[in-house]
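Listed below are the residues making up each chain.
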Amino acid sequence: MKLDCYQRTFAHSSSSLTPIQLPAHLETHLWYVKPSEVKNESLLKQYLDILSPRERENVMQMRGEELRKSALLARTLVRTTIARYQINSQINPRSLKFRKNIHGKPEVDWQFSNDSLPPPLHFNISHTSSLVACGVTVDSQIGIDVEEKHRSIKHTVLSFARRYFSKHEIQFLASITDPQVQKLEFIKLWTLKEAYVKALGKGFSGAPFKTFTIRFKEDSIHQASEIVVDSFDEPTELTSNWQFSLLELANSHYAAICTEKHAASAEGKRNVPTKLTVWKTIPFVVDECVSGTDAVKTIYG
Amino acid sequence: IYAPAPNSHSLYLDKFVFTNCQNTYIHSFTHSSYSPPHSLHKFADPFSSLLNNNKKIKMASFAASPVSFSAVSCTVKPNQVSNLRRASLSFSGKSSPSRRIPALRFRVACSAKPETVCKVVDIVRKQLALPDDRDVSGESTFATLGADSLDTVEIVMGLEEEFGISVEEESAQSITTVQDAADLIEKLLEKK
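Residues numbered from 1 in each chain as written. Chains lettered and ligands numbered in written order. Predicted model: local features only at pLDDT ≥ 70, side-chain atom pairs only at ≥ 80, totals over all residues. Heavy atoms only, no water.

K.L.:
Please set out the overall build of chain B residue by residue, giving values where relevant.
P.N.:
The number of helices and strands found in chain B is six helices and two strands. Tracing chain B from N to C terminus, the helices and strands come up as β-β-α-α-α-α-α-α. Taken across its 192 residues, chain B has 43% of its residues classed as buried. For chain B, contacts bridging at least 24 residues in sequence account for 65% of all contacts bridging at least 6. (Helix = DSSP H or I, 4+ residues; strand = E, 2+ residues; numbered from the N terminus. Buried < 20%, exposed > 50% of the residue type's maximum accessible area, 1.4 Å probe, protein only. Contact = heavy atoms within 4.5 Å.)

Written out as structure tokens, the structure is:
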């Protein structure tokens, strides 16, 4: 049984994952779990069991039960999500292997023979203690970041921005008079910047936050139509390779998704929007497609 | 580390030093005589649970009777079980069957001051709003304490403000533990 959207699907058995087709060329899949909805101890043990020994060790090293749970769910979400796509009939989440690229970005270490090309699946995860998300694309680098909308910060928005953000972004935030709105815009900007850096895969120092600006491009009727990135270091041809989506998830979190545009659409043509499909899941238990519902509100993209 | 002179007995003294942010304690004990260095490793086990519990260990002065030594006043790196810092001490003197004559000299490897580590711990505790009973020490990693990327940059900001330094992105990325942060701070303070 294939998983389509507009469905709430319960797993066949306690250890099965409903299979799904890979996202299409211009499509992004986003899967998320809310740790507060996963309480069953034996289910959590089942999750622990699909992790590698190393991952288990990392989970157990987290200091505090809540942190251990979200760390466990993060690895579980990655493994079960990728396993759903049944690449080369590989359906066991436990058998997946991972490695890091040269800059430390995690990727799948496909266990195929040398002469077969690795599948073009890309993923990226982000987690807060209250939400864990995994984005999947085909043929395109991806970076995602989720943050609680009302997350507290210890410094003021502007002192934080002055330290880390670009001049244009500081001006943008400084021009917002309502402090609550300013804080929300700050969080949105943070997630977008994080998603970009994670998509680039070069690590925090590979694209220092001050060296690029994320801004909302306005269309002819002064509505924000597009999120773009300008970089001091990279020429425009390269920065126009990236596109962004910004969502509000479950009324509680902002999620930013940054993906590579494909060669065909990057030649200065009108921006072809990517299709985004979002599922809320409890792996091995239930999957719920939430695109088009109140759980997913598109802010931009 | 000093090579024993001829006609001397070498006493290898293991010194386990650790600090919590209230006090620095030195727990030392002597190991009787002539075993080669590698056998000293067996001391790690009986104390591993102590070290793990991060409890305060009283200053213990063990001495083969006439041996006395003064407390280490130099700052030393906090320890963890898997990464014990040992100061090997040896002393030489006239030997007699039942007495060892002291002439202690020793060197201890130093790193960031405990006060620096403590300040970092304070900043981390505040940033992450940790409960009082959550142990934080030099070898705690930010990740395991639950710091995400936003927390980490705020911690870096906090450290810059507290110490009046400026941290490059590259350096910030390489900090994974409290100790790393303290060491970097001291390095930057030296350059000022």
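K.L.:
How would you summarise helix 5 (residues 167-174) of chain A if you had to cite specific residues and measurements?
P.N.:
All names here are of chain A. Taken together, the buried positions of helix 5 are Glu 169, Ile 170 and Leu 173. Seen from one end, helix 5 has its buried residues packed into an arc of 100 degrees, which puts them on one side. Along its buried surface, helix 5 packs onto helix 4 (157-164), helix 6 (179-200) and strand 8 (212-218). (Arc of directions from axis to C-beta.)

K.L.:
Report on the interface of chain A and chain B, specifying residues and quantitative values.
P.N.:
Often, the extent of an interface is quoted as the loss of accessible area on bringing the components together. Each side of the interface is counted separately: chain A has 22 residues, and chain B has 24 residues. In this structure, the connection of chain A to chain B is made through three salt bridges. A salt bridge links A:Arg151 to B:Asp151; the nearest nitrogen and oxygen atoms lie 2.9 Å apart. On the surface where chain A and chain B come into contact, there are twelve residue pairs in polar contact (both at pLDDT 80 or more). At the level of elements, helix 4 and helix 6 of chain A are the ones that each hand at least two residues to the side of chain A that touches chain B. Residues of the side of chain A that touches chain B, tallied by class, amount to nine nonpolar, seven polar and six charged. (Salt bridge = Lys/Arg side-chain N within 4 Å of Asp/Glu carboxyl O. Polar contact = N/O pair within 3.5 Å; in protein donor to acceptor, adjacent residues only side chain to side chain. Nonpolar A, V, L, I, M, F, W, Y, C, P; charged D, E, K, R; others polar.)

K.L.:
Before we move on, can you summarise the packing of aromatic side chains with the specific residues and values?
P.N.:
Residue and element names in this part refer to chain A. Taken as a whole and assessed by the stated rule, the structure comprises 15 aromatic pairs over all chains. Taken together, the ring pairs in this structure connect Phe 160, Tyr 164, Phe 165, Phe 186, Trp 190, Tyr 196, Phe 209, Phe 212, Trp 242 and Phe 244 into an aromatic cluster. Against the face of Tyr 164 rests Arg 163, its NZ or CZ located 4.4 Å from the ring centre. When the ring centre of Phe 165 is taken as origin, the NZ or CZ atom of Lys 193, which lies over that ring, is 5.3 Å away. (Phe/Tyr/Trp six-rings, centres within 6.5 Å; stacked < 30°, edge-to-face > 60°. Lys NZ or Arg CZ within 6 Å of the ring centre and 35° of its normal.)

K.L.:
Before we move on, could you go through the sheet that holds strand 1 (residues 8-10) of chain A and cite the residues and values that matter?
P.N.:
All names here are of chain A. Here six strands make up an open sheet; going across it, the order is 1-13-12-2-6-5 and the pairing mixed. Each edge of the open sheet carries a strand with a single partner, namely strand 1 and strand 5 (121-128). Adjacent strand axes in the sheet meet at a mean angle of 20 degrees, parallel and antiparallel pairs treated alike. Lying over the sheet, helix 3 (residues 65-84) contacts strand 2 (27-33), strand 5, strand 6 (131-138), strand 12 (275-282) and strand 13 (286-289), oriented at roughly 160 degrees with respect to strand 5. (Pairing = 2+ DSSP bridges. Axes fitted to C-alpha atoms, helices over the stretch in contact; angles between N-to-C directions.)

K.L.:
If you had to explain the environment of A:Pro53 to someone new, which residues and values would you point to?
P.N.:
Residues and elements named next belong to chain A. Along the chain, Pro 53 falls in helix 2 (residues 53-61). What makes Pro 53 exposed here is its relative accessible area of 59%. On a C-alpha basis, the gap between Pro 53 and Lys 297 in space is 38 Å, while along the polypeptide they are 244 residues apart.

K.L.:
Please set out the UniProt feature "domain: Carrier" (unreviewed entry) in chain B residue by residue, giving values where relevant.
P.N.:
The feature "domain: Carrier" (unreviewed entry), as annotated in UniProt, sits at residues 114-189 of chain B in this numbering. Here residues 114-189 of chain B runs as 68% helix and 0% strand, with 15 Å between its end C-alpha atoms. (UniProt positions renumbered as here; feature names shortened; annotations may be inferred.)

K.L.:
Now, about the pairing of strand 12 of chain A: what can you tell me, with residues and values included?
P.N.:
Both faces of the sheet carry side chains from a regular strand, because those side chains alternate between them. Residue and element names in this part refer to chain A. Sheet analysis places strand 2 next to strand 12, joined by six bridges and oriented parallel. In the sheet register, Glu 27 faces strand 12, and the bridge partner there is Lys 275. The sheet contact formed by strand 12 and strand 13 spans four bridges and is antiparallel. Opposite Thr 281, over in strand 13, you have Asp 287 as the bridge partner. Hairpin connection between strand 12 and strand 13: a loop of three residues separates the two successive antiparallel strands, and Phe 284 in this loop has a positive phi of roughly 75 degrees.

K.L.:
Which residues make up the sheet that holds strand 7 (residues 142-148) of chain A, and what values go with them?
P.N.:
All names here are of chain A. With antiparallel pairing, the four strands of this open sheet are ordered in space as 7-11-10-14. A single partner strand is all that each edge strand has here, and the edge strands are strand 7 and strand 14 (296-300). Across the sheet, the axes of successive neighbouring strands diverge by a mean angle of 25 degrees, strand direction being ignored. Each of strand 7, strand 10 (242-249), strand 11 (253-260) and strand 14 touches helix 6; the most contacted strand, strand 7, lies at about 155 degrees to it.

K.L.:
With reference to specific residues and values, describe helix 6 (residues 178-191) of chain B.
P.N.:
All names here are of chain B. Compared with the 20 Å implied by 1.5 Å per residue over 14 residues, the 20 Å span of helix 6 between its first and last C-alpha is a close match. Those residues of helix 6 not exposed but buried are Val 178, Gln 179, Ala 181, Ala 182, Leu 184, Ile 185, Glu 186 and Leu 188. Residues of helix 6 that are buried in the fold lie against helix 2 (114-128), helix 3 (142-145), helix 4 (149-163) and helix 5 (169-174). (Expected span 1.5 Å × (residues − 1).)

K.L.:
I'd like a rundown of the side chain of A:Thr213, residues and numbers included.
P.N.:
All names here are of chain A. Take Thr 213: it is sitting in strand 8. Owing to a relative accessible area of 6%, Thr 213 belongs among the buried residues under this scheme. Here the side chain of Thr 213 touches Ser 166 through a polar contact of 2.6 Å, side chain to side chain. Excluding anything up to four places from it in sequence, Thr 213 contacts Ser 166, His 168, Glu 169, Val 228, Val 229 and Asp 230.

K.L.:
Can you explain the packing of helix 2 of chain A against helix 3 of chain A? Please cite residues and give values.
P.N.:
A pair of packed helices can be characterised by two numbers: the angle between their axes and the separation between those axes. All names here are of chain A. Interaxial distance between helix 2 and helix 3 falls to 7 Å at its minimum, and their mutual angle equals 155 degrees. Looking at the two axes, helix 2 sits roughly antiparallel to helix 3. Judged by the sense of rotation from one axis to the other, the crossing of helix 2 with helix 3 is right-handed. Every residue of helix 3 that contacts helix 2 at Glu 55, Val 59 and Met 60 is listed here: Arg 68, Ala 71, Leu 72, Arg 75 and Arg 79. (Parallel < 35°, antiparallel > 145°, perpendicular 65-115°, else oblique. Left-handed = near helix turned anticlockwise from the far one by under 90°.)

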